Amino acid sequence: MSGTTHVVLVQWRDGADRADAADAVVRQHLPLIEGVESVRSGRSVSTEGLEDGFDWMLVVRFRDRAALEAYLPHPEHQPVATFIGDAGARVVVFDIDD
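Residues numbered from 1 in each chain as written. Predicted model: local features only at pLDDT ≥ 70, side-chain atom pairs only at ≥ 80, totals over all residues. Heavy atoms only, no water.

A. Fine view of the pattern of salt bridges. Under the criterion given, the structure shown has 8 salt bridges. One salt bridge in this structure joins Arg90 and Asp52, with 3.8 Å as the shortest N-O distance. In this pair, Arg90 sits in strand S4 (residues 88-97) while Asp52 sits in the loop between strand S2 (36-43) and strand S3 (56-62), placing the two residues 38 residues apart along the sequence. Judged by relative accessible area, Asp52 falls into the exposed class, the value being 58%. Connected via shared salt-bridge partners are Asp17, Asp20 and Arg43. (Salt bridge = Lys/Arg side-chain N within 4 Å of Asp/Glu carboxyl O. Helix = DSSP H or I, 4+ residues; strand = E, 2+ residues; numbered from the N terminus. Buried < 20%, exposed > 50% of the residue type's maximum accessible area, 1.4 Å probe, protein only.)

Laid out in structure tokens, this is it:
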């Protein structure tokens, strides 16, 4: 079975910059989850200006789709989901099998 990549784009509520706080929550919790192979997050550095209002991105690479499915209800995922849910005005999630 191939790996799975989970991409999350967030536009912060009220135009506030919460990227550093989001990065800290991500670093504290997501690497502890079984099946997570890598985690990347941060602000866009694109000069194209095509972010459509999105401020921050999270990319999590999983061993396989079963690891992604186990991640969603995992207790270490909950603080990240809560932070994004409380602070995000718009959120897009996109998953692909590699």
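B. Representation of the pairing of S3 in the model. On S3, burial follows the alternation: Trp56, Leu58, Val60 and Phe62 on one face are buried, whereas Met57, Val59 and Arg61 on the facing-out side are not. Two strands pair when backbone bridges link them, and S2 and S3 are joined in this way by 7 bridges, in the antiparallel orientation. Pairing of Ser38 across the sheet is with Arg61, part of S3. (Pairing = 2+ DSSP bridges.)

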